[in-house]
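Structural overview for review
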Amino acid sequence: MFTIAAISTPSGTGALSLIRISGTRTKEVVLAACAELKALPPARRATLVRICAANGEALDSGLLTFFPAPHSFTGEDLAELSCHGGRLVTQHVLERLFACGARPAEPGEFSRRAFENGKMDLTRAEAIMDIISAGSDLALRAAQHQLAGGIETPVQTSIDTLLSTCALLEAHIDFPEDDIPPQSIDGVLADIRNVQNTLTLLLSTATRGRLLREGIRVAIIGAPNAGKSCLLNRLLGYERAIVSEIPGTTRDTVEENILFNGLNLRLIDTAGLRESDDRVERVGMQRTMEALCDADLILEVRDASAPYLPLPQDMVSADGAARLTLLNKSDLPPHSSHAGEQGIRISCLTGAGFEELKQAIVAAFPDSVFDVQSSAVAINARHRLALLHAQEALNRAESSLSQDPPMAELVAADLRDTLDALGSITGRVDTEDILTRVFSTFCIGK
């Protein structure tokens, strides 16, 4: 396998820049680039070295740390060069490593090699990217929990249970002459239902996982001049959107993020909803509709000091989204048309009612979304799809068991489908695993 090299720190100017080299020729590449170095330093001991060009001219000096296989991140020989953080000097060092026999690493190739060499499963590899891209404390906590095996452990436990169950069924089907007693129907059902319970618990975290990774999409809608842009500015704490008494000032969606109770809120200020012949304004309202379709929470802002103007019904629907009605301009005398109207009374001018609004936002979602003490497991869309496939296969297996007599061949086939689906989450399981269980558990042909 080719030896690869890449800059592991973000682009830009800084005090330090880290370059990684991994592969079977790591030692040769490093020794060629650090010509004054006669041998690699002891494992995991940072050593000052000079990186030199082919003509012997020094390119930079830095700290070299060597991690021999298999005890490295990738499972291969791996070296890290901590150099000065200028863009030009870092690029020169990297190009020297390429000239000495390394090639540029592809995106994610270090983590992929770690997976292929058995250093981590797919869920932990995904967790690394989640940690890097975490936009909130809760998202970071969930990613760290996943990196520690929060998803791998229950999935692998389910795989182990089904491998044993499947091995018994396969042995009974393929080697009846050895008189291997099949597991009782009650025992098989118990295993299936235990796994189903685990899958159900994992699937229940799908919404939380999406909200943690993507943030809560909050669409701010309302008639022109209701105070939508004022609400955005007040929540952000600075003037982001233009505020004007002229209707139609906001022609496009304006999106900004804030941290709220440890979670990322994606606030989307939208164009005012009204009938209009203005082509540009109508395009803005179409984008408002798109924001509504994707929203997790809708904040409908109404001007409580002016006559109530109902929004067009085809412009306010959003399946599955929570919804809060905000009666803005509570610092002004209320208009009679809003008397007795249910909603949170706020003033974007004075800040009145915003504590109640924040509490209502939290209450609009399940307790587990904002609860830092709840399970940190949070599956992603790929996990969810695989778990749903596994769940469907288990349901078929349970149905086959209810036949009289039970259809062992169909149950085994459904369990293999379940194993394939669960194995796609971790990246580890195939039919060889079933065969291993069969021959290690039973004395076939003795």
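Now for a description of the structure that goes with this document.

Reading the values: the criteria
Residues numbered from 1 in each chain as written. Predicted model: local features only at pLDDT ≥ 70, side-chain atom pairs only at ≥ 80, totals over all residues. Heavy atoms only, no water. Helix = DSSP H or I, 4+ residues; strand = E, 2+ residues; numbered from the N terminus. Buried < 20%, exposed > 50% of the residue type's maximum accessible area, 1.4 Å probe, protein only. Contact = heavy atoms within 4.5 Å. Areas by Shrake-Rupley, 256 points an atom, 1.4 Å probe, with all protein chains shown as cover. Arc of directions from axis to C-beta. Pairing = 2+ DSSP bridges. Core = buried A, V, L, I, M, F, W, Y, C linked by side-chain atoms within 4.5 Å. Axes fitted to C-alpha atoms, helices over the stretch in contact; angles between N-to-C directions.

**Here we look at the overall build of the chain**
A count of helices and strands for the chain gives 15 helices and twelve strands. Considering the chain as a whole, with its 446 residues, one finds that 46% of them fall into the buried category. For the chain, long-range pairs separated by at least 24 residues make up 65% of all intrachain contacts whose partners lie at least 6 apart in sequence. When the accessible surface of the chain is totalled, it reaches about 22200 Å², and 54% of it is carbon and sulfur.

**Looking at the environment of S368**
Structurally, the position occupied by S368 is in helix α12 (residues 367–370). The class of S368 is partly exposed, set by a relative accessible area of 34%. Taking the C-alpha atoms as reference points, S368 and R208, separated by 160 residues in sequence, lie 7.5 Å from one another.

**As for helix α5 (residues 137–147)**
Counting along an α-helix, one turn takes 3.6 residues, and residues three or four places apart therefore face a common direction. Residues L138, A139, A142, A143 and Q146 constitute the buried set of α5. Down the axis of α5, the buried set is contained in an arc of 135 degrees. They therefore lie on one face. Of the surrounding elements, those touching the buried residues of α5 are α4 (122–133), α8 (206–214), β9 (263–269), α12 and α13 (381–401). At the exit of α5 stands G149, carrying a positive phi of roughly 105 degrees.

**Concerning the pairing of strand β2 (residues 14–22)**
Inspection of the sheet shows strand β1 (residues 4–7) paired to β2 by four bridges, in the antiparallel sense. If you follow I7 over to β2, its bridge partner there is I19. If you look at the hairpin formed by β1 and β2, you'll find six residues sitting between the two strands, and G12 has a positive phi there, around 130 degrees. Across eight bridges, β2 lies against strand β5 (residues 78–85) in antiparallel orientation. Note that in β5 the partner of I19 across the bridge is L81.

**Re the nonpolar core**
As a rule of thumb, soluble globular proteins bury nonpolar side chains together. Counting 36 residues, the largest nonpolar core has I216, L231, L297, L299, L326 and L357 as its most contacted members. Apart from residues no more than four positions distant in its own chain, L299 is found in contact with V218, A219, I220, I221, L231, L324, L326 and L357. Listed in part, the 31 residues of the second largest apolar core include L162, V195, L419 and I425.

**Details of the sheet that holds strand β12 (residues 344–345)**
A sheet is described by the order of its strands in space; here six strands give the open sequence β8-β9-β7-β10-β11-β12, paired in mixed fashion. The strands lining the two open edges of the sheet, one partner per strand, are β8 (254–260) and β12. One ladder, built from five bridges, connects strand β7 (residues 216–222) with β9; its direction is parallel. By the bridge assignment for β9, I220 is matched with D269. Lying on the sheet, helix α9 (residues 228–236) is in contact with β7, β8, β9, β10 (297–303) and β11 (322–328); it crosses β9 at an angle near 155 degrees.

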